[in-house]
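Descriptive analysis of the structure
Here is what each chain is made of, one letter per residue.
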Amino acid sequence: MLEIAITNRHICKGNYFTQIEKVASQRPFAVLLREKDLDFDKYMTLSNEANRICAAHDVPLIAHTYAVPGIPRLHVPFALANEALARKYQLSVSVHSPEEARRAEAMGADFVIAGHIFATGSKPGVPPRGLGFLREVCGSVRIPVFAIGGITVENAQPCLGAGAAGICRMSYWMGI
């Protein structure tokens with residue numbers, strides 16, 4: 001199963017870079033450096049060390065929102081996606097509807113991350129979109145779709161059954 005490990009230093013068990021090392025050593029499909037509260041300069045500093053660690057394990061690092069020199073992969077929220085980014089980077093886009101997924105694909109995105117599928121502590125009080133939503137998104141595009149939001153070992157298989165190419169998890173990877 002393809003899995004993208006999402007970072008969050010606020011829920012990280014122990015030292016952040018030690019945790020990235022643990023994650024990369026498990027060889028997920030990619031590590032998405034999702035530290036959304038950092039300004040550009042702090043994100044650059046963090047991304048350089050994370051990229052070094054991931055490269056040592058031959059695991060791709062995906063930058064989030066900020067384009068980082070030396071990291072060819074970029075993930076952005078749908079509102080920031082555009083064709084220019086898709087031409088310059090291996091681009092992934094967060095989507096919250098089949099229409100957004102179709103538009104991301106038309107812009108040239110390499111894959112989309114659709115969510116949130118199940119209830120998650122990251123979005124307290126926000127109802128999950130569910131497997132029907134995931135099925136719709138997967139059926140609306142030809143590019144790979146990764147499911148995100150409350151994904152566990154127990155509910156990962158139904159996500160794949162709904163057509164997802166893989167899953168994304170944060171809490172699991174920040175706590176191993």
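A few points on the structure. (Residues numbered from 1 in each chain as written. Predicted model: local features only at pLDDT ≥ 70, side-chain atom pairs only at ≥ 80, totals over all residues. Heavy atoms only, no water.)

Regarding its fold elements, the protein presents seven helices and eight strands. The C-alpha atoms of the protein give 15 Å as radius of gyration, which agrees with the globular expectation for 176 residues (16 Å, within 12%). Buried positions account for 50% of the 176 residues belonging to the protein. When contacts within the protein are restricted to residue pairs at least 6 apart in sequence, long-range pairs at least 24 apart make up 56% of them. When the accessible surface of the protein is summed, it comes to about 8400 Å², and 54% of that surface belongs to carbon and sulfur atoms. The positive charge centre, built from 18 side chains, and the negative charge centre, built from 15, are 2 Å apart in the protein. (Helix = DSSP H or I, 4+ residues; strand = E, 2+ residues; numbered from the N terminus. Rg over C-alpha atoms; globule rule 2.2 N^0.38 Å. Buried < 20%, exposed > 50% of the residue type's maximum accessible area, 1.4 Å probe, protein only. Contact = heavy atoms within 4.5 Å. Areas by Shrake-Rupley, 256 points an atom, 1.4 Å probe, with all protein chains shown as cover. Lys, Arg positive; Asp, Glu negative; His and termini not counted. Charge placed at Lys NZ, Arg CZ, Asp CG, Glu CD.)

Going from G115 to H116, the amide bond is cis rather than trans, its omega being 0°. Mapped onto the fold, H116 is located in the loop between β6 (111–115) and α5 (130–140). At D58, a position not held by glycine, the phi torsion is positive, near 60°. In this structure, T65 is a non-glycine residue whose phi angle is positive, near 70°. Note that T65 resides in the loop between β3 (61–64) and β4 (73–77).

Take the state of the cysteines next. Under the counting rule described, the total for this entry stands at zero disulfides. Cysteine C138 shares no disulfide, and the gap to the nearest cysteine sulfur, in C159, comes to 8.8 Å. Take C138: its relative accessible area is 12%, and that puts it in the buried class. Looking at C159, the relative accessible area reads 0%, which means it is buried. (Disulfide = S-S within 2.5 Å.)

Here we come to helix α4 (residues 98–107). Listed in full, the buried residues belonging to α4 are P98, E100, A101, A104, E105 and M107. Close packing links the buried residues of α4 with α3 (83–88), β5 (90–95), β6 and α5. Positive phi appears at G108, one or two residues downstream of α4, with a value of about 110°.

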